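# Structure assessment
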Amino acid sequence: MPPLRASYLIQYRGALIGRQFKQLAQVMPFAIHGLVNEDLFKIWLAAGRMMAKMWYPEIDNVDLYCENLEQQISNFLDLVATTDPERIKAKPKFHILTHTPEDVRRFGPPILSSTEVFECYNAVFRFCSILSNHQAPSRDISQKFSSLARFKHITSGGWWQDSTTEKWVRAGPDLRQFFLKTTRIQEYLGWLNPMLTVLGDIQLCRVNERETFWSETKASSAIALLAEQPTCPDDTQVLRGQRVTSQTQDAVKLGDFVIAGTNSESIIGRLIEIVQVPRSFVPPSAAGHTTATGTYLVMERFTLGGLHAEYQMPTLHRPIEPQIVLFHAEQLHMPVNIQHDCLRGQCSTASSVHEIQEHERTERHILTISHVDDAHFILNMQALHNAHVLARVLPSDVTQAKPVVEDRVQHHRDIASKLQVITSDRRELNRAKRQLTKTMRTEQRSGVKRSAEDAGIDTVVRMGPSIHPHQTIGTTAAPFVLPGSDTMPSSSQL
């Protein structure tokens, strides 16, 4: 996920699309902590964890997944009902959520039912009707799509039956090679060559920065925890890299937090160096972990702590004694999203920097958060990318959902009782308003030209506080006063 453009999100807050909402859901708890009440903060936490669980592209254990997903949905609904019980009754989508585990058992991961990706075809539809006379747009668009599908089938090596010879034929080898060699055509047709991304591939640094000696690298003195040290003399010339491909096909750059290891042992930390050594210096025991050349990565290891008291996410801490670990590029699992523990460090927005526009520094200043340390972080469990892989690596007690309400049945009864009070009070209030409006219209028809104050109608002063979801439920609004009376009429009079 690219860095959020805060100014853009605020400026166009009323016209955001699904992509922006997904970005906000992943980082919202870190942005609103201390700005909203505790109930709303817990709702964002529950919504983020539930959303990350629904974004699994593959499920290892369906029963365990559905059990955790059902608990996440229950937590979200319980928190929303506590804050705004009327919304639960008014929005059908809250009820539809409860059927998600059943749909998963029948149709697979919920992300397969996402229809947002098809909204991009709206632009394709418009492009297909540009050269049309707009007399039959549906026919013109369908013919254009048929032509595109035929072109895709032919260029990708598909077969079709010749109407003359009644034999199955396909395009010649030159046309098929044109498709395989032209990446632009592949992108247009939505095809990704799996050979373009290879595990352990690196992007080297600039020409004047990539070459160095083995003795000048951090890898030469790193702890050989996951990989053996290469047998390089100190004066061996090696190459530095700035990006490397992980097992999840992600491009990981220097400074990113990553998880690496074997099937039996995994560690987490910050990637600080990428080194490529000649293949001849790689130990024979590591031959299965290398490609044409030996690519080694260096990590500054962090320890995984307990759950954060506020965010309920795992914490990461730098050890007192720094641990620099060496491992193979093929042992890099994936990058992870981390957030600084600003609550612990009491970070503030005291510093300001020049705003950058069009890659140019302007004279305007914007406030930035100044982190007081670089040792304490929070592992973001609401990140959508690689959430299913992260669940395999972390302990089960960290990823398993826990109920926010002990006795859900009693909790629902209490909310239902409070909702009945709210509904009854609002019903009486609406009745009084209708009676007041009816009385004033009757006087106007009879020719009495008097204002509400002259008629002795008090519609504002005598009203009690409005009922709001965040207010203590059960407060009864003060009555309206009808013309010629000092008291609220009875229900029979209304």
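Residues numbered from 1 in each chain as written. Predicted model: local features only at pLDDT ≥ 70, side-chain atom pairs only at ≥ 80, totals over all residues. Heavy atoms only, no water.

## Points about a nonpolar patch on the surface
Together, Val 117, Phe 118, Tyr 121 and Phe 125 give the surface a local cluster of nonpolar side chains, amounting to about 400 Å² of exposed area. Secondary-structure assignment places Tyr 121 in helix α8 (residues 121–128). (Patch = residues over 30% accessible without salt bridge, like charges linked within 9 Å, V, L, I, M, F, W, Y side chains within 5 Å. Areas by Shrake-Rupley, 256 points an atom, 1.4 Å probe, with all protein chains shown as cover. Salt bridge = Lys/Arg side-chain N within 4 Å of Asp/Glu carboxyl O. Helix = DSSP H or I, 4+ residues; strand = E, 2+ residues; numbered from the N terminus.)

## With respect to the environment of Leu 189
Mapped onto the elements, Leu 189 comes out in the loop between α11 (183–188) and β3 (202–204). Residues Leu 189 and Phe 151, spaced 38 residues apart in sequence, show a C-alpha to C-alpha distance of 9.4 Å. Aside from chain neighbours lying at most four places away, what touches Leu 189 is Phe 151, Lys 152, Thr 155 and Phe 179. (Contact = heavy atoms within 4.5 Å.)

## Observations regarding the nonpolar core
Ranked by size, the top nonpolar core spans 26 residues in total, and within it Phe 257, Met 313, Leu 316, Val 336, Ile 338, Leu 379 and Leu 390 carry the most contacts. Contributing elements (two or more residues each) for this core: α2 (18–32), α3 (38–54), β7 (257–261), β16 (376–379) and α14 (387–393). Broken down by element, the residue count for this core peaks at 4 residues, all from α2. Dropping the residues within four chain positions of it, Leu 316 is found in contact with Phe 257, Ile 268, Phe 302, Thr 303, Leu 304, Ile 338, Ala 375, His 376 and Phe 377. Core analysis: the next-biggest nonpolar cluster, separate from the first, contains 18 residues, Met 54, Leu 69, Ile 73 and Val 104 among them. (Core = buried A, V, L, I, M, F, W, Y, C linked by side-chain atoms within 4.5 Å. Buried < 20%, exposed > 50% of the residue type's maximum accessible area, 1.4 Å probe, protein only.)

## With respect to the side chain of Thr 399
Its place among the elements puts Thr 399 in helix α15 (residues 396–399). The class for Thr 399 is buried, based on a relative accessible area of 14%. Leaving out residues up to four positions away in the same chain, Thr 399 has contacts with Arg 49, Lys 53, Met 381, Ala 391 and Leu 394.

## Quick look at the packing of aromatic side chains
What the rule picks out here adds up to 8 aromatic pairs. Between Tyr 56 and Tyr 65 the ring centres are 5.4 Å apart and the planes differ by 45°, which places this aromatic pair in the tilted class. Pair check on accessibility: Tyr 56 and Tyr 65 agree, each one buried. Members of the aromatic cluster, connected to one another through ring pairs, are Phe 30, Phe 41 and Tyr 311. Positioned above the aromatic ring of Tyr 8, the side-chain terminus of Arg 5 is 4.8 Å from the ring centre. (Phe/Tyr/Trp six-rings, centres within 6.5 Å; stacked < 30°, edge-to-face > 60°. Lys NZ or Arg CZ within 6 Å of the ring centre and 35° of its normal.)

## Things to note about the pairing of strand β8 (residues 266–277)
Counted residue by residue, β8 has 10 buried out of 12 residues, so it is predominantly covered. The sheet contact formed by strand β5 (residues 237–245) and β8 spans 2 bridges and is antiparallel. Bridge pairing links Leu 239 to Gln 276 in β8. Examined bridge by bridge, β7 and β8 share 5 bridges and lie antiparallel to one another. Residue pairing across strands places Val 258 opposite Gly 269, the latter belonging to β8. (Pairing = 2+ DSSP bridges.)

## A word on helix α16 (residues 408–445)
With 38 residues, α16 extends 55 Å between its outermost C-alpha atoms, agreeing within 8% with the 56 Å of an ideal straight helix rising 1.5 Å per residue. For α16, the complete set of buried residues consists of His 411, Ile 415, Leu 419, Ile 422, Asp 425, Ala 432, Leu 436, Thr 439 and Glu 443. On the buried face of α16, the contacting elements are α4 (62–83) and α5 (85–90). Looking at where α16 begins, the residue whose side-chain oxygen comes 3.4 Å from the main-chain nitrogen of Val 409 is Asp 407. (Expected span 1.5 Å × (residues − 1). Polar contact = N/O pair within 3.5 Å; in protein donor to acceptor, adjacent residues only side chain to side chain.)

## Considering the confidence of the model for the protein chain
Considering every residue of the protein chain, the mean pLDDT works out to 82; 87% of them sit at 70 or more. Across residues 455–494 the pLDDT falls below 50, and counting only partners more than four positions away or on other chains, this stretch makes 60 contacts in the model. (pLDDT = per-residue confidence, 0-100.)

## Considerations on the pattern of salt bridges
When the charged atoms of two side chains with opposite charge come close together, those side chains can pair. The full count for this structure, using the stated rule, is 16 salt bridges. Across the pair Asp 140 and Arg 139 runs a salt bridge, and its minimum N-O distance is 3.3 Å. The class for Asp 140 is buried, based on a relative accessible area of 14%. Judged by its relative accessible area of 48%, Arg 139 is partly exposed. Within the structure, one salt-bridge network assembled from shared partners comprises Arg 270, Glu 300, Arg 318 and Asp 374.

## Quick word on the side chain of His 333
By the element assignment, His 333 lies in strand β12 (residues 332–335). Setting aside chain neighbours within four positions, we find His 333 in contact with Ser 246, Gln 247, Thr 248, Ile 259, Ala 260, Gly 261, Thr 262 and Ser 266.

## So, the pairing of β7
Buried residues dominate β7, accounting for 5 of its 5 residues. Of the two faces of β7, the one holding Phe 257, Ile 259 and Gly 261 and the one holding Val 258 and Ala 260 are both buried throughout. Here β7 hands over to β8 after 4 residues, the two strands then running antiparallel side by side. Of the pairings in the sheet, the one linking β7 to β12 comprises 3 bridges and is antiparallel in character. The partner of Ala 260 across the bridge, within β12, is Leu 332.

## Notes on α3
In this model α3 runs 25 Å from its N-terminal to its C-terminal C-alpha over 17 residues, within 8% of the 24 Å that 1.5 Å per residue would give. Burial runs high along α3: 12 of the 17 residues are buried. By the burial criterion, the buried members of α3 are Phe 41, Ile 43, Leu 45, Ala 46, Ala 47, Gly 48, Arg 49, Met 50, Met 51, Ala 52, Lys 53 and Met 54. Where the residues of α3 are buried, they touch α2, α4, α6 (92–97), α7 (100–107), α14 and α15. Capping the start of α3, Asn 37 holds a side-chain oxygen 3.3 Å from the backbone nitrogen of Asp 39, two or three residues further along.

## Comments concerning unusual backbone geometry
Most of the time, phi is negative for any residue but glycine, and the peptide bond is trans. One non-glycine residue, Glu 166, lies in the positive phi region at around 60°. Tracing the backbone shows Glu 166 in the loop between β1 (159–161) and β2 (168–170).

## A short note on the packing of α3 against α4
Two numbers describe how α3 lies on α4: the axes approach to 9 Å, and their chain directions differ by 155°. Judged on the interaxial angle alone, α4 and α3 are roughly antiparallel. Read as a crossing pair, α3 and α4 show a hand that is left-handed. On α4, the residues touching Asp 39, Lys 42, Ile 43, Ala 46, Ala 47, Arg 49, Met 50, Lys 53 and Met 54 of α3 are Tyr 65, Asn 68, Leu 69, Gln 72, Ile 73, Asn 75, Phe 76, Leu 79, Val 80 and Thr 83. A class-by-class count of the residues in the contact of α3 with α4 yields 11 nonpolar, 4 polar and 4 charged. (Axes fitted to C-alpha atoms, helices over the stretch in contact; angles between N-to-C directions. Parallel < 35°, antiparallel > 145°, perpendicular 65-115°, else oblique. Left-handed = near helix turned anticlockwise from the far one by under 90°. Nonpolar A, V, L, I, M, F, W, Y, C, P; charged D, E, K, R; others polar.)

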